[in-house]
Amino acid sequence: MAEDSAPPVEQMALASLNDGVSTPFAKAEFSDRVLIRTILSRADGGAGLAGQTVKVGGWVKTGREQGKGSFAFLELNDGSCQANLQVIVDAAVAPLGQIVPTGACVNVEGLLKLPPEGTKQRVELRVEKVHHVGPVDPAKYPLPKTRLTLEFLRDIVHFRPRTNTISVVARIRNALAYALLPTRSSRSTAFFIYTLQLSPPVIVRVLMKCFKL
């Protein structure tokens, strides 16, 4: 059928993964975590979602304490897009020393708010609850904030998807492989998992007892 042969590229980027649920943003398929992409990729940069309570998760790209340690700014990324979501956490909500280091993994819930005028962000998240923190030792975390060469990344293969370059390549490759699936039903139940050495993809069809190598 013609409907099945044309991959819905634009719908892939913006449509919700929760079929039949009216929501202004898409959530991860197996949790109530909101994808950062669906907040920041809107035409208004997410400003229209101000006042919404959301739960997001990801890795801290950068973090800094402000107000003599009374709160912290985090740049959070979950891999769904290149942009980072600015997150504000008060010291009363969580120990700032655990969540500020680059590479820390956090799952937080809070209120989307409009930032002060004059800032580059269109929306920011004021955290009300911290559900999980995966701490990191800053002295041992191998990805500094500086620009990294591809040669350097060869020695830390398992961290490559956290970098901007490799994450972009992974998203493009996933979208291309997704578009090659022949039918709508197979596209809606497939994930693409690539080994660290970029060997041929393993297509896992969820809810179907079928694996293609």
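For the structure itself, consult the block above.
(A) Up close: the side chain of S80. In this fold, S80 is placed in the loop between β2 (71-77) and β3 (85-90). On the basis of relative accessible area, S80 is assigned to the buried category, the value being 16%. Only 3.0 Å separates the side chain of S80 from the backbone nitrogen of R37, close enough to count as a polar contact. Reaching out from S80, the side chain makes a polar contact with the side chain of D78 at a distance of 2.6 Å. Dropping the residues within four chain positions of it, S80 is found in contact with L35, I36, R37 and R171.

(B) Structural context of the environment of L143. Relative to the elements of secondary structure, L143 occurs in the loop between β5 (124-134) and α5 (150-153). When the C-alpha positions of L143 and R162 are compared, they lie 8.7 Å apart, and in sequence the two are 19 residues distant.

(C) Geometry of the sheet that holds β5. Pairing is mixed in the closed barrel, where 5 strands are placed in the order β1-β2-β3-β5-β4. Going across the sheet, the axis of each strand differs from the next one's by a mean of 55°, ignoring polarity. Note: β2 against β3, 6 bridges, orientation antiparallel. What sits directly across from F73, in β3, is I88.

(D) Seen up close, unusual backbone geometry. Within the chain, K68 stands out as a residue other than glycine whose phi angle is a positive 55°. The residue K68 is located in the loop between β1 (53-66) and β2 in this model.

(E) Highlighting the pattern of salt bridges. A complete count under the given rule lists 4 salt bridges for this structure. A salt bridge links R42 to D44, with the shortest nitrogen-to-oxygen separation between them at 3.1 Å. Residues D90 and R126 are paired through a salt bridge, measuring 3.4 Å at the closest nitrogen-oxygen approach. Placement of D90 in strand β3 and of R126 in strand β5 is noted, with a sequence separation of 36 residues between them. Exposure remark for D90: the relative accessible area of 27% places this residue in the partly exposed category.

(F) Up close: the side chain of D78. With respect to the helices and strands, D78 occurs in the loop between β2 and β3. Given the relative accessible area of 14%, D78 is considered buried. Within the local environment of D78, its side chain forms a polar contact with the backbone nitrogen of I36, the two atoms lying 3.0 Å apart. In this structure, D78 is in contact with R33, V34, L35, I36, G57, G58 and W59, ignoring residues within four places of it in sequence.

(G) Broad picture of the pairing of β2. Most of β2 is tucked away, with 6 of its 7 residues classed as buried. Of the strand pairs in this sheet, β1 and β2 are connected by 7 bridges, and their pairing is antiparallel. Bridging across to β2, Q66 finds its partner in F71. A loop of 4 residues connects β1 with β2, the two strands running antiparallel in sequence, and G67 in this loop sits at a positive phi of about 60°.

(H) Main features of the packing of aromatic side chains. All chains considered together, the criterion is met by 2 aromatic pairs. Ring centres of F71 and F73 lie 5.4 Å apart, and the angle between their planes is 80°; this geometry places the pair in the edge-to-face category. Note on F73: relative accessible area 17%, which makes it buried. Ring centres 5.6 Å apart and planes at 85° place the aromatic pair Y141 and F159 in the edge-to-face group. Linking Y141 in the loop between β5 and α5 with F159 in the loop between α5 and α6 (164-179), this pair joins segments that are 18 residues apart in sequence. Look at Y141 and you get buried, because its relative accessible area is 15%.

Conventions we followed
Residues numbered from 1 in each chain as written. Predicted model: local features only at pLDDT ≥ 70, side-chain atom pairs only at ≥ 80, totals over all residues. Heavy atoms only, no water. Helix = DSSP H or I, 4+ residues; strand = E, 2+ residues; numbered from the N terminus. Buried < 20%, exposed > 50% of the residue type's maximum accessible area, 1.4 Å probe, protein only. Polar contact = N/O pair within 3.5 Å; in protein donor to acceptor, adjacent residues only side chain to side chain. Contact = heavy atoms within 4.5 Å. Pairing = 2+ DSSP bridges. Axes fitted to C-alpha atoms, helices over the stretch in contact; angles between N-to-C directions. Salt bridge = Lys/Arg side-chain N within 4 Å of Asp/Glu carboxyl O. Phe/Tyr/Trp six-rings, centres within 6.5 Å; stacked < 30°, edge-to-face > 60°.

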